[in-house]
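Letter by letter, the chains look like this.
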Amino acid sequence: MAQATPPDRAGNERLRDRIGGGNLVTHLAGKPAVEQLYEALHGVGAKLGRMNSYGWRTVARIPTPKDFDAGMLEAHKNGITPIILLEYDGSYQTLDPPQPIGSYNDWFQAGKAIADRFRPDGEWAKENGISGWGATVFSAINEPDVLANIPRQAYHDALAGLADGVHSVDATLRVVPGGFATCNSHLDATLRGYGPAIADLLEDGRLDGIDLHTYYNDRWYPITRGREFSAQTCFDRVKQAMGLKRDVRFYATEFNVARAGEWDDSRVLGKLFLSAFWDQVGIVGQDGHSPAMALAFPWNLADTPRVDGPHYAMAVTENPWSPEIRGVVLQTILRLAGDMTLTSIDKSRGLYTLTSPDAELYVWQNLQGWTDKPGRALELTLPDWAHTVEIWGWEGLRRRVAATGGRNVLGDLGEGETFMIRVPRR
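Nothing here was measured: the structure is a model prediction, and the numbers come from that model. (Residues numbered from 1 in each chain as written. Predicted model: local features only at pLDDT ≥ 70, side-chain atom pairs only at ≥ 80, totals over all residues. Heavy atoms only, no water.)

Right, let's talk about the overall build of the protein chain for a bit. From N to C terminus, the protein chain includes 13 helices and 19 strands. Its C-alpha atoms give the protein chain a radius of gyration of 21 Å, within 12% of the compact-globule value 22 Å for 426 residues. Overall, the protein chain is about 65 × 45 × 40 Å in size when its C-alpha atoms are taken along their principal axes. Across the 426 residues in the protein chain, those meeting the buried criterion constitute 58%. In the protein chain, 70% of the contacts between residues at least 6 apart in sequence involve partners at least 24 apart. When the accessible surface of the protein chain is totalled, it reaches about 16,200 Å², and 50% of it is carbon and sulfur. Computed over 44 positive and 53 negative side-chain charges, the inter-centroid distance for the protein chain is 3 Å. (Helix = DSSP H or I, 4+ residues; strand = E, 2+ residues; numbered from the N terminus. Rg over C-alpha atoms; globule rule 2.2 N^0.38 Å. Buried < 20%, exposed > 50% of the residue type's maximum accessible area, 1.4 Å probe, protein only. Contact = heavy atoms within 4.5 Å. Areas by Shrake-Rupley, 256 points an atom, 1.4 Å probe, with all protein chains shown as cover. Lys, Arg positive; Asp, Glu negative; His and termini not counted. Charge placed at Lys NZ, Arg CZ, Asp CG, Glu CD.)

On inspection of all chains with the given rule, the structure shows 25 salt bridges. In this structure, the salt-bridge partner of E254 is R50, at a minimum N-O distance of 3.0 Å. With E254 in strand 8 (residues 249–257) and R50 in strand 2 (residues 48–53), this residue pair connects regions lying 204 residues apart in the sequence. The network of salt bridges with shared partners includes R14, R16, D17 and D339. (Salt bridge = Lys/Arg side-chain N within 4 Å of Asp/Glu carboxyl O.)

Turning next to helix 1 (residues 32–44). Given a rise of 1.5 Å per residue, 13 residues ought to cover 18 Å, and the 18 Å separating the end C-alpha atoms of helix 1 matches this to within 8%. V34, Q36, L37, Y38, A40, L41 and V44 are the residues of helix 1 that are buried. Just downstream of helix 1, G45 is the residue with a positive phi angle, here 90 degrees. (Expected span 1.5 Å × (residues − 1).)

Judged by how many residues are buried, strand 13 (residues 351–355) sits mostly within the fold: four of five residues are covered. Here strand 12 (residues 341–346) runs beside strand 13; their pairing, made up of five bridges, is antiparallel. Each bridged residue has a counterpart across the sheet, and for I345 the counterpart in strand 13 is Y352. Linking two consecutive strands that pair antiparallel, namely strand 12 and strand 13, is a turn of four residues; a positive phi of about 65 degrees is found at G350 within it. Hairpin connection, strand 13 to strand 14 (residues 359–366): the antiparallel pair is bridged by three residues. (Pairing = 2+ DSSP bridges.)

Enumeration according to the criterion identifies 14 aromatic pairs in this entry. With a centroid separation of 5.8 Å and 50 degrees between ring planes, the pair formed by W124 and W133 is classed as tilted. Here W124 matches W133 in class, with each residue buried. Relative to F273, the ring of F255 lies with its centre 6.0 Å away and its plane at 15 degrees, an arrangement referred to as stacked. A residue pair is termed long-range when its members are at least 10 positions apart, and F255 in strand 8 and F273 in helix 11 (residues 266–281) qualify at 18 residues. Considered together, F255 and F273 belong to a single accessibility category, that of buried residues. (Phe/Tyr/Trp six-rings, centres within 6.5 Å; stacked < 30°, edge-to-face > 60°.)

Next up on the list: the state of the cysteines. As enumerated under the stated definition, the model contains one disulfide in all. Residue C183 pairs covalently with C234 via a disulfide, S to S 2.1 Å. Around the S-S axis, the bridge from C183 to C234 shows a dihedral of about -105 degrees and counts as left-handed. Taken as a pair, C183 in helix 7 (residues 182–186) and C234 in helix 10 (residues 231–242) lie far apart in primary sequence, 51 residues in all. (Disulfide = S-S within 2.5 Å.)

Counted at 1.5 Å a residue, the expected span for helix 11 with its 16 residues is 22 Å, and the 22 Å between its end C-alpha atoms agrees. With respect to burial, helix 11 is a largely interior element, twelve of its 16 residues being buried. Looking at helix 11, one finds that the buried residues are L269, G270, L272, F273, L274, S275, A276, F277, W278, D279, Q280 and V281. The N-capping residue of helix 11, defined by a side-chain oxygen 3.0 Å from the backbone nitrogen of R267, is D265. (Polar contact = N/O pair within 3.5 Å; in protein donor to acceptor, adjacent residues only side chain to side chain.)

Counting residues in each nonpolar core, the largest one holds 109 residues, and the members touching the most others are L15, W107, I210 and W278. Residue contributions to this core peak at eight residues, all from helix 11. Apart from residues no more than four positions distant in its own chain, I210 is found in contact with F180, L202, F235, V238, K239, M242, L244, V248, R249, F250 and Y251. Counting 15 residues, the second largest nonpolar core, distinct from the first, contains L378, V389, I391 and A403. (Core = buried A, V, L, I, M, F, W, Y, C linked by side-chain atoms within 4.5 Å.)

This part takes up the sheet that holds strand 12. As summarised here, the arrangement of the six strands in space is 12-13-14-19-16-17, forming an open sheet in which the pairing is antiparallel. Pairing within the sheet leaves two strands with one partner each, and these edge strands are strand 12 and strand 17 (396–402). Recorded for the sheet is a direction-independent mean angle of 20 degrees between the axes of neighbouring strands. As paired strands, strand 16 (residues 388–393) and strand 17 are joined by six bridges and run antiparallel to one another. Each bridged residue has a counterpart across the sheet, and for I391 the counterpart in strand 17 is R399. (Axes fitted to C-alpha atoms, helices over the stretch in contact; angles between N-to-C directions.)

A separate point is the environment of V137. As for its position among the elements, V137 is in strand 4 (residues 137–140). Residue classification places V137 among the buried positions, given a relative accessible area of 2%. Residues V137 and V176, spaced 39 residues apart in sequence, show a C-alpha to C-alpha distance of 7.3 Å.

The following block contains the structure:
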């Protein structure tokens, strides 16, 4: 078995290279639903997509990697890098004929075949004359903790097989369990037992990180009540329940703020989505300050209420795509910060710093329970070259003010919301 090589800590990549959406369903390649998602990804300026397949193996559990071929070609033409998801749901065990999860060897063969074909410069790339491009993240079994009917040991063995199969091709490729739901939905840090079941695979590096789905809700997971209802809290609690000693990375292939109850208002929703986005991005590792976020995907960028209902639909129209308020906020974030890298996270202050050749950006989560100094003013020490500060809120640029290098106090900031403070270099 080729052991996984831990990748470099995320932090030297542009933000937009870690933001995306899903699902790029393989059997819908070329169809309107997938075209709409590509429009949405281009519209917000994101670079990743979760590509999922329901036909990645036969009923006899023989891998069929070519099921991804058309979808991969479409992704390449659109400049979107796929995160591969092998779909398996606990309900498949009771289909006619039944489709049990399969053995370690079944999943090893699937991981090997799919990584061999779709890694950068793999079989598929060579067949299509494509160099330096392919999938580097492979995942499987989305939200096993919802039905919670897959035997825990069988789940463990499937992911062990997948990871070992992928790493037998290239030890630097990353393997991640499909996203978990119940830390968010039921405050269950054990993920109904599926977390501790794979703790050894995270500890020895075969699995790169933990994918947690966070849906903030005014009643069940209110971001307005402090960091108790944050992605960071779930990430830390889940790792503790697993007993992990190794630092692992945070993945979020689904997150959103629900348009429901007291949050069924575009102004409230835009304000809260900005805070939720930076909650996902600002995840830290065990030392409390090193960035640990690998990727963050809002759900669902492309859907209108016709498709997804009003709660999570981030589009207003189809063909052409146009964004709902949460999509507009994401456009603004990536316009400002998409080409920046995250350089520091100060959880106590609720303050994040990003940098690029053109500017520095300070993100301040000025919400009760998210900063130790909530209020209407923020003190910043700016670089020597600072001459102007732009203050951005959820709806766009609020104002520009003169600044100097060194200590500056920015006043008249609203409470209960997140700000992005941009300092241009010229």
